[in-house]
Amino acid sequence: MKRTLILSIIFFVLLTTRGLAQAINYNAPLPVDETIRKGVLPNGLTYYIKNTDIVKAAASYYIIQNVGSILENENQQGLAHFLEHMAFNGTESFPGKGILNTLQKYGAVFGKDINAYTGFDETVYNLNNIPTKEGLVDTCLTVLKDWSNYLLLTDEEIDAERGVIKEEWRARQNGKMRLFKTSLPIAFNHSKYANRLPIGLMSVVENFDYKALRDFYHDWYRTDLQAIAIIGDLDVNEIEQKIIEKFSKIPAVDNPKERFVIDIPDNDTMMYSLGKDPEVSTANISFAIRQKKSLETETVADLKRSLLESMATRMLSVRILEKAQNPEASFLGAGISYGSMSRTFNAFNMRISPKPNQQKEAFKEVLTEVLRAVKHGYLQSEIDRAIAKMSSSYENQIAKKSDMSHKQIEKSIQNNFLNNSTITDVEKEYDIAKQILSAITQEELHNTIKMLYAKKSRYINVTGVEGQENLTEEDVKQIITGVENDAALEPYSEVLEGKTLVSDLNIKAGTIEKTKTNKEIGATTYTLSNGIKVHYKFVNKEKDKVSLNAISYGGTSLLKDEDLPSASLVDNLIQMSGLGDFTTIDLQKVLAGKTAIVRIRLGNINETLSGRSNTKDVETMLQLAHVYFVKPRFDEQAFKVLESNINNHVIKRSKDLAEKMKDSLTIALYGKNNPKKRIFNQDYVNDISFEKIKTIYKDRFSDASDFEFFIVGDVKESQLKPLLETYIASLPTKNIKENYKDNGSEWVSNTIDKAIYLTMEVPKVSVNIVYKKEMPYTKSNVVYTNTLGDILQLRVTETVRESEGGAYSPKANARFFREPKSQAYVSFRFDCNPDMADKLVDVVNAELQKIVKGDIKDDDLNKIRTNFIKERKQAKDKNWYDMQVLTSYFRYNENINDPKNFEKIVNKMSKKDIQKIAKQILDGGKSYEVVFKPKQ
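Residues numbered from 1 in each chain as written. Predicted model: local features only at pLDDT ≥ 70, side-chain atom pairs only at ≥ 80, totals over all residues. Heavy atoms only, no water.

Draft legend 1. Structural view of the overall build of the protein. Assigned secondary structure in the protein consists of 31 helices and 23 strands. Over its C-alpha atoms the protein spans a radius of gyration of 29 Å, differing by no more than 12% from the 30 Å that the globule rule assigns to 936 residues. Its C-alpha atoms put the protein at 70 × 65 × 65 Å along the principal axes. Looking at the 936 residues of the protein, the share that counts as buried comes to 57%. Nonlocal contacts in the protein, meaning residues at least 24 apart in sequence, comprise 85% of its contacts between residues at least 6 apart. Put simply, the protein shows about 40100 Å² of open surface, and 48% of that area lies on carbon and sulfur atoms. (Helix = DSSP H or I, 4+ residues; strand = E, 2+ residues; numbered from the N terminus. Rg over C-alpha atoms; globule rule 2.2 N^0.38 Å. Buried < 20%, exposed > 50% of the residue type's maximum accessible area, 1.4 Å probe, protein only. Contact = heavy atoms within 4.5 Å. Areas by Shrake-Rupley, 256 points an atom, 1.4 Å probe, with all protein chains shown as cover.)

Pasting the structure below:
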C-alpha cells in the first residue's frame with residue numbers, strides 16, 4: 001500500500017508538470033554548477049577550483065593533460081605512458097624521488113594518494129587528500145606546475161624506468177589482454193586506436209633515444225592542453241590568486257603542433273573477428289554499434305537524449321537479466337550498455353557469456369530480446385519503473401551533494417575539459433529532468449532503441465575456444481537476418497500482482513523493553529522484547545546514508561567438512577533466488593525507486609547481514625532484513641542457473657594461469673586432499689547440493705537471537721524506533737548463543753620452500769613469501785605490525801622496483817588478526833623478470849632482516865606515523881568509522897576513540913618496537929616461500 005502511495009505521489013508530481021513541458025527550451029544550455037570556479041590563464045592553461053569539506057583540512061590536486069597514446073608516432077609507441085612514469089622521477093623543484101619523499105612525510109602513500117594513469121586520449125595525475133597545513137598547498141601547486149612544464153627527464157632516470165615498465169607489461173600479459181589486443185582493429189575499424197595501447201611496444205620502450213621522449217614531452221605537455229583542478233577544504237579566492245601567480249609564468253609554446261582528434265571510420269558492412277588463446281577456455285561475444293558523439297556545448301535536448309538512452313538500455317538489460325534466470329537459457333550472462341568508446345564515438349554494446357558449445361544459440365537468444373524492443377518498444381509499466389528509478393537517483397544525488405568525493409568532482413571536471421560536458425547544477429538539472437520525464441512517451445523510447453540499433457558501423461568480436469563450435473561470421477549474418485525478419489516476434493509482456501515485500505506476512509510487532517545510552521561513544525542500545533540487542537548511533541557526517549550490520553558467531557566453522565562446498569555457495573543462491581514471494585527480477589521491480597539493499601554472508605567464523613539505504617528508505621531496508629530471517633527464498637530454478645555458472649567457472653579456470661597458481665599454492669600449503677582446503681574442480685562441484693544449501697542457511701540464519709544489530713547513519717531515533725519494533729522485535733528467537741570453533745587447516749609443514757614450474761605464454765616468475773606467528777592480541781601489537789608492513793612496502797618499492805627495476809608493483813604487507821587465531825602475518829608478493837627472480841627474493845628477505853637487526857630509517861618510521869594519524873583523522877569524518885566504533889566497543893569491549901588505543905601508541909612507537917615485533921614474528925614462527933617459474 002505504501003509503495004503504491006509513494007509511486008502515486010511521484011507520478012502526480014510528474015503529471016502536474018506535463019503542462020509545463022511545452023515550455024521547455026530544448027536549445028537552452030544546461031544549468032552550470034556555479035560552485036566550481038573555472039578560468040583560463042593567458043598562456044591557455046585552464047583551472048578549476050572547488051571548495052568542499054568532505055575531507056576536512058585536506059585537498060586534492062589534479063593535472064589533466066589532453067595528451068594520450070593516440071598522439072604517438074609509430075616509433076613512439078609507449079612514450080606517453082613512459083612520460084607519466086617519469087613525472088615521479090625528477091622535476092625542477094623535486095629532483096629524483098623528491099615528490100614522493102616530500103609528500104610521504106605528510107602521510108601520503110604512493111599508489112593510493114599519489115598516482116597517475118595514461119589513456120588513449122588523456123593522462124591524469126593526482127595528489128589526493130593532502131593536508132592543507134604547513135605550506136603543503138603551495139608545495140602541491142608547485143608539483144602541478146612542475147608536471148606541467150618542468151620534468152627533468154635525465155638519462156639515468158629514463159634508463160632506470162625502462163625495466164619497471166617492461167615488468168608492468170609482463171604483469172599484464174595474460175589471455176584476456178592478448179584477446180583484447182586482437183579485438184582492437186575491429187572495434188576501432190583499423191584506425192590509429194587499434195595500435196595505440198598505452199603500454200606501447202617493448203621494442204620502443206627498451207630502445208628509444210632520450211631525445212625522443214623529450215621531444216614528445218615538449219610537443220605535447222603544454223599549457224593549452226592542460227587543466228589543473230584543486231578540490232578541497234580551501235578558500236577559492238586565495239587558491240585562484242596562487243594559481244594566477246604561479247602558473248601564469250609558464251610560457252605558452254610558440255607554433256604548437258595541432259592536437260588532432262582521431263575519428264573512427266564508418267563501415268557499411270559488419271566487421272568480425274575471432275580470437276582464441278591457450279589460457280582462455282570459455283567463450284564471449286561482444287556485438288556493438290558505433291555512434292558519432294557530439295563535442296558541442298550540451299543543451300536541454302542533449303539531457304533528454306541522454307535520459308532516453310539510459311532508460312532504453314536499462315529496461316532492455318532488465319529483460320535480458322530476466323531471461324538469464326531461466327535454466328534453459330543458452331547464455332550464462334549478458335548485458336546491454338551504451339557509452340563512450342573514444343573521444344568522438346559512443347557504442348551500443350551487447351555482451352554475452354554463452355554456455356559451452358552454445359554460442360550461436362546465445363547470440364540469437366539475446367539478439368531476439370534486443371529486436372523485441374526495436375520492433376515493439378516498451379510497456380508503460382516498465383517506463384513507470386524506469387522513471388521512478390531515475391527520480392530516486394536524482395534525489396539521492398541532491399541529498400548527498402555536499403558529500404561528493406574529490407574523485408567524483410574531478411571526473412565531472414575532467415569530462416568538461418576533455419569532452420566539453422557540462423558540469424551541471426544537479427538540483428536545477430532535476431527540475432528540467434522532471435519536466436522531460438513527465439512528457440516522455442512510449443513512442444520516444446521506442447524510437448530511441450531503434451536509433452541505437454543502427455544498420456551502419458556494426459562489429460562483433462568473438463572469443464572462441466579451441467575444439468568448440470565457435471560463432472562464425474556467416475553464422476552472425478544469418479542470425480541477424482533471421483531475427484530482424486522474424487514476423488512472429490511478439491511484444492514483451494509481464495504480470496505483477498501488486499504485492500509489497502511484507503504484504504503476505506503476518507508481522508506481530510514487538511516492543512523496545514530497555515533503552516541504555518552510552519555517553520562514552522555516543523550510542524544507544526535497545527533491548528527488544530525478543531531479546532535482540534540493537535546498537536544505534538545517529539551520524540550525519542555523510543548525509544542521507546544509513547548502514548546496518550548484524551553479526552553472529554559460528555559460520556562454516558560449525559559445519560561438517562562434507563558440507564563446506566555447499567556452504568561456499570549459500571550467499572550466491574540466496575541472492576539469485578530473490579526473497580519472499582519474489583524472484584530476483586520481480587524483487588527489482590517491487591523495489592523500483594527505492595534506495596535500499598541487504599546482503600547476507602556466511603563466513604568462516606560468523607554469519608552476517610549487512611545493508612544500506614537512504615534516510616527515507618530505512619523501512620525498506622529493515623523489511624528486507626526481516627524477510628531474510630522469516631521467509632528466505634530457495635529457488636530450484638535459480639540453483640540450476642547457479643549450477644551452469646559454477647560448471648562454466650570450472651572450465652574457465654582450467655587453463656587460466658592465475659587459477660593454476662592459486663591451486664598449486666593451496667596444495668603446497670595444505671596438501672592434496674585437505675577437506676577444508678579443496679580445489680574448485682568438478683569433484684568439488686559434484687558435492688554441492690541444493691538441499692544442503694537450504695539446510696545450512698536455515699541453520700545459520702533462521703534464529704535471530706544470536707545476532708547483534710548495529711545501525712549507524714542519518715536516521716533519527718523517532719523514525720527508527722517504531723521500525724525496530726515492527727521488523728526486528730517481531731523476529732522469532734530461540735535464545736541460543738553460539739561461538740565459532742578454531743578448527744581451520746594448518747600448513748603441512750612449519751617451513752615450506754618450493755619452486756613450482758608451469759607452462760606460460762609469456763615467461764614470468766611469481767613470488768609468494770609469508771611469515772606468520774601466533775601472538776597475544778594487543779592494540780600495540782596491531783599498530784606495530786601494521787607499521788612493519790608499511791615500512792617494508794616503502795623498502796621493496798625503493799629496492800625491487802626503483803633500484804633493481806625488477807617488478808612493477810611489488811607488494812609487502814603485515815597485518816595482525818584477532819580471530820580465529822591471534823596471529824601476526826607478513827607477506828611479499830610480486831611478479832618479475834625470470835632472470836632476476838632469485839636476486840629479488842634475496843632482496844626482500846634482506847629488507848626484513850634489516851628491520852630485525854634494527855636497521856630502520858627514522859624517515860620511514862615518521863612517514864608511517866604521519867600517515868596513520870592523517871588517515872585516522874580523515875576516517876573520523878565518515879559514517880563507517882562510527883560503525884567500527886560501535887562494533888569494536890560492543891563486540892570486543894574496546895573504544896577505538898580512546899587515544900590510548902591508537903593515537904598514543906602511534907605517537908610513542910619507536911624503532912625498537914618495530915624491531916621487536918619483527919623479531920617475534922620470525923622467532924619460532926612459520927613461513928613459506930613458493931615461487932612459480934616458467935616450465936622450460
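Draft legend 2. A look at the sheet that holds strand β10 (residues 345–354). Taken in spatial order, the five strands of this open sheet run β7-β11-β8-β10-β9, and their pairing is mixed. The open sheet has two edge strands with one neighbour each: β7 (271–275) and β9 (331–340). Strand-to-strand twist across the sheet, computed as the mean angle between neighbouring axes with direction ignored, equals 10°. As paired elements, strand β8 (residues 284–292) and β10 share eight bridges and run antiparallel to each other. If you follow Q291 over to β10, its bridge partner there is N346. Where helix α15 (residues 442–452) meets the sheet, it contacts β8, β9 and β10, and its direction lies at approximately 105° from that of β8. Against the sheet, helix α16 (residues 473–484) makes contact with β7, β8 and β11 (458–463), and its axis sits at roughly 125° relative to β11, the strand it touches most. (Pairing = 2+ DSSP bridges. Axes fitted to C-alpha atoms, helices over the stretch in contact; angles between N-to-C directions.)

Draft legend 3. Here's a closer look at helix α6 (residues 175–187). Along its 13 residues, α6 runs 18 Å from first to last C-alpha, staying within 8% of the 18 Å computed at 1.5 Å per residue. Listed as buried for α6 are G175, R178, L179, S183, L184, I186 and A187. Buried residues belonging to α6 abut β7, β8 and β11. N189 lies just past α6 and shows a positive phi near 50°. (Expected span 1.5 Å × (residues − 1).)

Draft legend 4. Broad picture of the pattern of salt bridges. Summed over all chains, the structure comprises 71 salt bridges. Measuring nitrogen to oxygen at the nearest pair gives 4.0 Å for the salt bridge that ties K456 to D266. Placement of the pair is K456 in the loop between α15 and β11 and D266 in the loop between α9 (236–247) and β7, with a sequence separation of 190 residues. Residue classification places K456 among the partly exposed residues on the basis of a relative accessible area of 42%. Residues E708 and R891 are paired through a salt bridge, measuring 2.9 Å at the closest nitrogen-oxygen approach. A residue pair is termed long-range when its members are at least 10 positions apart, and E708 in strand β18 (residues 708–713) and R891 in helix α29 (residues 879–892) qualify at 183 residues. (Salt bridge = Lys/Arg side-chain N within 4 Å of Asp/Glu carboxyl O.)

Draft legend 5. Geometry of the sheet that holds strand β21 (residues 811–817). In space, the five strands of this open sheet follow the order β19-β23-β20-β22-β21, with mixed pairing throughout. Each having just a single partner strand, β19 (751–758) and β21 make up the two edges of the open sheet. Strand-to-strand twist across the sheet, computed as the mean angle between neighbouring axes with direction ignored, equals 10°. Across eight bridges, the pairing between β19 and strand β23 (residues 926–934) is parallel. By the bridge assignment for β23, A755 is matched with V931. Of the strands in this sheet, β20 (765–774) and β22 (823–832) are in contact with helix α31 (residues 911–922), which crosses β20 at around 95°.

Draft legend 6. Broad picture of the packing of aromatic side chains. The tally for this structure, following the rule as stated, stands at 28 aromatic pairs. With a centroid separation of 5.2 Å and 65° between ring planes, the pair formed by Y553 and Y740 is classed as edge-to-face. Remark: Y740 occurs in the loop between α25 (717–727) and β19 and Y553 occurs in strand β15 (residues 546–553); sequence separation between them is 187 residues. Taken as a pair, Y553 and Y740 share a single burial class, namely buried. Taken together, the ring pairs connect F88, F110, Y125, W147, Y217 and Y221 into an aromatic cluster. Across from the ring centre of Y150, 5.4 Å away, lies the NZ or CZ of K145, which sits over that ring. (Phe/Tyr/Trp six-rings, centres within 6.5 Å; stacked < 30°, edge-to-face > 60°. Lys NZ or Arg CZ within 6 Å of the ring centre and 35° of its normal.)

Draft legend 7. Spotlight on the pairing of β23. Counting buried positions along β23 yields eight of nine residues, so the element is predominantly enclosed. Two strands pair when backbone bridges link them, and β20 and β23 are joined in this way by seven bridges, in the antiparallel orientation. The residue of β23 that forms the bridge with V767 is V931.

Draft legend 8. Representation of the UniProt feature "domain: Peptidase M16 C-terminal" (unreviewed entry) in the protein within the structure. Feature annotation in UniProt places "domain: Peptidase M16 C-terminal" (unreviewed entry) on residues 208–389 and 687–867, given in this structure's numbering. With 42% helix and 23% strand, the stretch residues 208–389 has end C-alpha atoms that lie 53 Å from each other. (UniProt positions renumbered as here; feature names shortened; annotations may be inferred.)

Draft legend 9. Region of interest: the nonpolar core. Membership of the largest hydrophobic core comes to 74 residues, with the highest contact counts inside it found for Y61, W147 and I243. For this core, the element with the most residues is helix α4 (residues 136–149), which contributes seven residues. Counting 63 residues, the second-largest nonpolar core is a separate cluster that includes Y526, F629, I693 and F701. (Core = buried A, V, L, I, M, F, W, Y, C linked by side-chain atoms within 4.5 Å.)

Draft legend 10. Spotlight on the packing of helix α2 (residues 79–86) against helix α8 (residues 210–220). At a minimum axis separation of 10 Å, α2 and α8 run at an interaxial angle of 85°. On the basis of the axis angle, α2 is roughly perpendicular to α8. Contacts from L79, A80, F82, L83 and M86 in α2 reach A212, L213, F216 and Y217 in α8. Tallied by class, residues from the contact of α2 with α8 come to nine nonpolar, no polar and no charged. (Parallel < 35°, antiparallel > 145°, perpendicular 65-115°, else oblique. Nonpolar A, V, L, I, M, F, W, Y, C, P; charged D, E, K, R; others polar.)

Draft legend 11. Molecular detail of the side chain of T46. Secondary-structure assignment places T46 in strand β2 (residues 46–51). Since its relative accessible area comes to 7%, T46 is described here as buried. Excluding anything up to four places from it in sequence, T46 contacts K38, G39, V40, Q226, A227, I228 and F417.

Draft legend 12. Looking closely at the packing of helix α12 (residues 380–399) against helix α14 (residues 426–439). At their nearest, the axes of α12 and α14 sit 10 Å apart, and the two run at 165° to each other. Taken together, the axis directions place α12 and α14 in an arrangement best described as roughly antiparallel. Crossing angle aside, the handedness with which α12 passes α14 is left-handed. Contact residues: I387, M390, S391, Y394, E395, Q397 and I398 in α12; V426, E427, E429, Y430, A433 and L437 in α14. Residue composition of the contact of α12 with α14, grouped by class: eight nonpolar, two polar and three charged. (Left-handed = near helix turned anticlockwise from the far one by under 90°.)

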